[in-house]
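Residues per chain are reported as follows:
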Amino acid sequence: MAEPTYDDPHHTEWIISIDHWHQVSIIKPPNIAQHFLEYHNAEEIGIECYLPDHPPGLYRMTCSFHESHDIESGQVDDYGFPLETLSPIMTTTDATLK
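Report follows, based on the coordinates. Every chain begins its residue count from 1, and numbering advances along the sequence as written. In view of the model being predicted, local features appear only for residues whose pLDDT reaches at least 70, and side-chain atom pairs are presented and counted only at 80 or more, with totals across whole chains, interfaces and linings using the full set of residues. Side-chain measures here rest on the full set of heavy atoms in the structure, leaving out hydrogens and waters.

1. Some remarks on the overall build of the protein
Strands here are runs of E lasting at least two residues and helices are runs of H or I lasting at least four, both read from the DSSP assignment and numbered beginning at the N terminus. When its secondary structure is counted, the protein shows one helix and six strands. Each helix (α) and strand (β) of the protein, taken in turn from the N terminus, gives the series β-β-α-β-β-β-β. The principal-axis extents of the C-alpha atoms in the protein amount to approximately 50 × 35 × 20 Å. In the protein, which comprises 98 residues, the share counted as buried stands at 31%. Whether two residues are in contact is decided by their heavy atoms, any of which lying within 4.5 Å being enough. Put simply, 57% of the contacts in the protein that link residues at least 6 apart link residues at least 24 apart. Values of accessible area rely on a 1.4 Å probe in the Shrake-Rupley scheme; residue burial ignores everything except the protein chains shown. When the accessible area of the protein is evaluated, it comes to approximately 6700 Å², of which 53% is carbon and sulfur surface. Accessibility here uses a 1.4 Å probe with only protein chains present; expressed as a share of the type maximum, an area under 20% marks a residue as buried, one over 50% as exposed, and anything in between as partly exposed.

Laid out in structure tokens, this is it:
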């Protein structure tokens, strides 16, 4: 059986929703290795989980990838997906599809 193929975690595209409390929920994650997605909420995965400057709606988000390493062992001890771009698909203030 062939090993699954995944996309590079750098510059990934995520489909997210932002609710009325400005909390982020992941609607469609990118095709990245499943160990990145073992947690099911934005904060634990390492993407921005609170976006107060954006109205509620559905968004396309592009993220870079960052990992930090333990100084002594050299092992990865944390990673995250910092926000690069955010573009609305549909918001409550502009209910037109884009």
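2. Let's talk about the pattern of salt bridges
By salt bridge we mean one thing: a side-chain nitrogen of Lys or Arg within 4 Å of a carboxyl oxygen of Asp or Glu. Under the defined criterion, the tally for this structure stands at one salt bridge. The partner of Glu-13 in a salt bridge is Arg-60, with the nearest N and O atoms 3.3 Å apart. Of this pair, Glu-13 sits in strand S1 (residues 12-18) while Arg-60 sits in strand S3 (residues 57-63); the two residues are 47 residues apart in sequence, bridging distant segments of the chain.

3. Some thoughts on unusual backbone geometry
A negative phi holds for most residues other than glycine; trans holds for most peptide bonds. A positive phi angle is found at His-11, which is not glycine, with a value near 60°. Of the residues examined, His-11 reaches a relative accessible area of 56% and is grouped as exposed. One non-glycine residue, His-22, lies in the positive phi region at around 70°. Structurally, His-22 is set in the loop between S1 and strand S2 (24-28).

4. Here we look at the nonpolar core
Put simply, a nonpolar core is a bunch of buried Ala, Val, Leu, Ile, Met, Phe, Trp, Tyr and Cys residues held in one set by side-chain atoms that sit within 4.5 Å of each other. In this structure, Trp-14, Ile-16, Ile-47 and Phe-81 are the most contacted members of the largest nonpolar core, which totals 18 residues. Counting only elements with at least two residues in this core, the list comes to S1, helix H1 (42-45) and S3. Setting aside chain neighbours within four positions, we find Ile-47 in contact with Trp-14, Ile-16, Val-24, Ile-26, Ala-42, Met-61, Cys-63 and Phe-81.

5. Considering the packing of aromatic side chains
Centres within 6.5 Å are what make two rings of Phe, Tyr or Trp a pair, Trp counting through its six-membered ring; a difference in plane orientation under 30 degrees is then read as stacked, over 60 as edge-to-face, and the rest as tilted. The full count for this structure, using the stated rule, is seven aromatic pairs. Measuring from centroid to centroid gives 5.7 Å for Phe-36 and Phe-81, while their planes differ by 80°, and the two rings are edge-to-face. Residue Phe-36 is found in the loop between S2 and H1, and its partner Phe-81 is found in the loop between strand S5 (76-80) and strand S6 (83-91); the two are separated by 45 residues along the sequence. Using a relative accessible area of 0% as the deciding quantity, one classes Phe-81 as buried. Linked through ring pairs, Trp-14, Phe-36, Phe-65, Tyr-79 and Phe-81 together constitute an aromatic cluster.

6. A few points about the state of the cysteines
Count a disulfide wherever a pair of cysteine sulfur atoms falls within 2.5 Å. For the structure on display, the rule yields zero disulfides. Cysteine Cys-49 remains unbridged, with the sulfur of Cys-63 as its closest cysteine sulfur at 12 Å. Taking relative accessible area as the criterion, Cys-63 reaches 0% and is therefore assigned buried.

Note that every value here comes from positions in space, so none of it alone points to a role or purpose.
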